[in-house]
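Next come the chains, spelled out residue by residue.
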Amino acid sequence: MDESVRRRLMLGFSSTLVGKAAGTVMQVVQVPVLFHYWTTPMVGVWMILTAFPTYLAFQNTGFGSVAGNEMTMLMARGERDAALRVFQSCWWLISLMMGATGVLLCLALYFLPMAKLLNLPEISEHDASLALFWLGTAMLFQQLELLLQGAYRCIARYSYGSFLKSGLSLAAFGVQLAPVVMGYGVRTTAMVFALANIAVTLILCATVKRDIPWISYGWSHASFAEIKRIARPSLAFMGFPIGLAFNLQGSQMAVNYAMGADAVAVFSTARTVSRLALQVVEMVKNTVWPELSIAFGAGNMELVRTLHRRACQVALFVSLSVVAVVAALGPTLLHKWTLGKVPSSPGLVGLLLIVVVLYSLWSTSSTLVAAINLHERLATVYTFATGITVVVTYFAARKFGLYGAAGSLLLSEMIMDAYVLPSSLRISHDTWGGFLWALVHYPEVLKPAALWRRVQRIRD
């Protein structure tokens, strides 16, 4: 691993740290603000409404993510014209799909009783439909951001793109809290949320054009053949957001139907506390993702193998360390964070932390598969595992309450651990012996003193 790669990794980790810190701030601030100004059932309603539009992203997410991987591998080989062709083709495809999905969303909200379907008697049908319209619109615009971030990735400036997005997201978050503090309900809050996030997307469009002059939003380089070539991995990539929605929003809906909105508020906030341990794991994944694409595109399998080993090693160590801290402090934090409206629930938090540890290893390892667009079977397995888990969560919550719901989440994590690791080792031409040894052996460059010296050099 040469010095330029190490420097990009350090910058990428730093920018990802800022992004995760911003996300954590938003989570930490939002919950007490909502509980202070709204009732507990209304907080549960908001969580359900904000979860539902996630499903609108499925048809677009794959194209933006796969295009970003493809552009990065092409630029690693010096093929800039081909990278522009991928960008323009996917830009217009995503735009057209956004329009079509928006029309379908409006029709669905006009004809369907959404409050009744989502089991939300706390709000009117009119308010539920308008809130979902605004939240859905915001979600559709966010799909363009994946492609815009891919543009920064392909020129190895992913750290700058991540930092820019974090700053804009924090500003939008501050704006969307204003109607809550002013006493407005979910409908107005959803509208402000959407307008703020749409503004973020438009600003990113302008900055990408300014920072990467050869990127253009025209159609002269767009190609139907290009879209057809990447269509299969793009469609397969949708399995990840679908599986994630099953895992997060699907489990919330299962708890909602089994126990009601009050239980959703408790379950969701406890899970948020437990998932604090995942923030650093996600930072590791986001840092190595572009470098895996670059190394694989350049045919450097030794670097691919090294990046995969070190990413899994750091993710496992960090997850275990943070889980220990959250296990000790999390229950108390949960009670105080929700202004005393949610019990400390140490048993519930503990079960959810076990889920986090199992998730951290397979999720980090899967970054290799996803970063080089060889993820079709992986996405299928993930969708199946999380879909089955949602069903189990419903029945477990009915019979055993929130402890049953939390315990049921272990199912999908165990399935994924058993599948992902062997797949990643095959791709990186690695062995079980070498991989397991790397998990417990830390090279000199990863020891705290060496890392601190490197940080000082970058700062100077």
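Residues numbered from 1 in each chain as written. Predicted model: local features only at pLDDT ≥ 70, side-chain atom pairs only at ≥ 80, totals over all residues. Heavy atoms only, no water.

S.K.: Just checking my understanding: could you explain the side chain of Thr 207 for this structure?
M.R.: Inspection of the secondary structure puts Thr 207 in helix H8 (residues 186-211). Looking at Thr 207, its side chain comes within polar contact range of the main-chain oxygen of Leu 204, at 2.9 Å. Beyond its immediate sequence surroundings of up to four residues, Thr 207 is in contact with Tyr 152 and Leu 164. (Helix = DSSP H or I, 4+ residues; strand = E, 2+ residues; numbered from the N terminus. Polar contact = N/O pair within 3.5 Å; in protein donor to acceptor, adjacent residues only side chain to side chain. Contact = heavy atoms within 4.5 Å.)

S.K.: Please clarify how empty space enclosed by the protein should be interpreted in this entry.
M.R.: For the coordinates displayed, the defined rule picks out four cavities of 30 Å³ or more. Each pocket or cavity is described by its volume, and for the second largest cavity that value is around 70 Å³. As for the second largest cavity, its lining consists of Asn 247, Arg 271, Ser 274, Arg 275, Leu 278, Leu 352, Val 355, Val 356, Tyr 359 and Glu 413. The set of elements that each furnish at least two residues to the lining of the second largest cavity consists of helix H11 (261-274) and helix H14 (346-371). (1 Å grid on protein atoms, 1.4 Å probe; cavity = no way out; pocket = protein on both sides within 12 Å on 5 of 7 lines; lining within 4 Å. Points joined across faces, edges and corners; volume = space filled by probe spheres on them.)

S.K.: Before we go on, may I ask you to explain the pattern of salt bridges in this structure?
M.R.: Should their charged atoms come close, side chains of opposite charge can pair. Here the structure, examined in full by the defined rule, presents nine salt bridges. A salt bridge links Arg 229 to Glu 70; the shortest N-O distance between them is 3.1 Å. With Arg 229 in helix H9 (residues 224-237) and Glu 70 in helix H3 (residues 58-76), this residue pair connects regions lying 159 residues apart in the sequence. Residues joined in a network through salt bridges with shared partners are Glu 70, Arg 85, Glu 226 and Arg 229. (Salt bridge = Lys/Arg side-chain N within 4 Å of Asp/Glu carboxyl O.)

S.K.: Before we go on, may I ask you to explain the packing of aromatic side chains in this structure?
M.R.: For any pair of aromatic rings, geometry is given as the distance between the ring centres together with the angle between the planes. Within this structure, the stated rule accounts for 13 aromatic pairs. Ring geometry for Phe 87 versus Trp 91: centroids 6.1 Å apart, planes at 20 degrees, classification stacked. Note that Phe 87 and Trp 91 are positioned in helix H4 (residues 80-111) at a spacing of four residues, about one turn of the helix. One exposure class covers both Phe 87 and Trp 91, and it is buried. (Phe/Tyr/Trp six-rings, centres within 6.5 Å; stacked < 30°, edge-to-face > 60°. Buried < 20%, exposed > 50% of the residue type's maximum accessible area, 1.4 Å probe, protein only.)

S.K.: Looking at this model, I keep getting lost on helix H2 (residues 40-51). Mind explaining?
M.R.: Residue pairs spaced three or four apart in an α-helix point in one direction, given the helix's 3.6 residues per turn. Counted at 1.5 Å a residue, the expected span for H2 with its twelve residues is 16 Å, and the 17 Å between its end C-alpha atoms agrees. Within H2, nine of the twelve residues are buried, leaving the element largely enclosed by the surrounding structure. Along H2, the residues classified as buried are Met 42, Val 43, Gly 44, Val 45, Trp 46, Met 47, Ile 48, Leu 49 and Ala 51. The elements touched by buried residues of H2 are helix H1 (3-37), helix H6 (125-154), H8, helix H10 (239-259) and H11. (Expected span 1.5 Å × (residues − 1).)

S.K.: Teacher, can you tell me more about the confidence of the model for the protein here?
M.R.: Low-pLDDT stretches of the model should not have their predicted coordinates read in fine detail. Looking at the protein as a whole, its pLDDT mean stands at 84, while 93% of the residues score no less than 70. Put simply, helix H18 (residues 448-459) is where the protein has its lowest mean pLDDT, 64, and helix H16 (residues 410-427) is where it has its highest, 93. (pLDDT = per-residue confidence, 0-100.)

S.K.: Looking at this structure, I do not really get the nonpolar core. What am I missing?
M.R.: Residues Leu 49 and Met 71 are the most contacted members of the largest nonpolar core, which totals 127 residues. Element by element, the count of residues in this core is highest for H4, at 13 residues. Once residues within four sequence positions are removed from consideration, Met 71 is found in contact with Ala 83, Val 86, Phe 87, Leu 147, Gly 150, Ala 151, Cys 154 and Ile 215. Among the nonpolar cores identified, the runner-up in size contains six residues, and Cys 312, Leu 361, Leu 425 and Phe 435 belong to it. (Core = buried A, V, L, I, M, F, W, Y, C linked by side-chain atoms within 4.5 Å.)

S.K.: What's the story with unusual backbone geometry in this structure? I'm lost.
M.R.: Trans is the prevailing form of peptide bonds, just as negative phi is the prevailing case for residues other than glycine. Residue Asn 119 is not a glycine yet carries a positive backbone phi of 60 degrees. Inspection of the secondary structure assignment puts Asn 119 in the loop between helix H5 (114-117) and H6. Within the chain, His 429 stands out as a residue other than glycine whose phi angle is a positive 55 degrees. In this structure, His 429 sits in the loop between H16 and helix H17 (432-440).

S.K.: What is the right way to read the packing of H6 against helix H7 (residues 158-181) from this model?
M.R.: Two numbers describe a pair of packed helices, the interaxial angle and the distance between the axes. Relative orientation of the contacting elements H6 and H7 amounts to 145 degrees, with a least axis distance of 7 Å. Crossing of H6 over H7 shows right-handed handedness. On H7, the residues touching Glu 145, Gln 149, Tyr 152 and Arg 153 of H6 are Tyr 158, Tyr 160, Gly 161, Ser 162, Leu 164 and Lys 165. The class makeup of the residues in the contact of H6 with H7 is four nonpolar, three polar and three charged. (Axes fitted to C-alpha atoms, helices over the stretch in contact; angles between N-to-C directions. Left-handed = near helix turned anticlockwise from the far one by under 90°. Nonpolar A, V, L, I, M, F, W, Y, C, P; charged D, E, K, R; others polar.)

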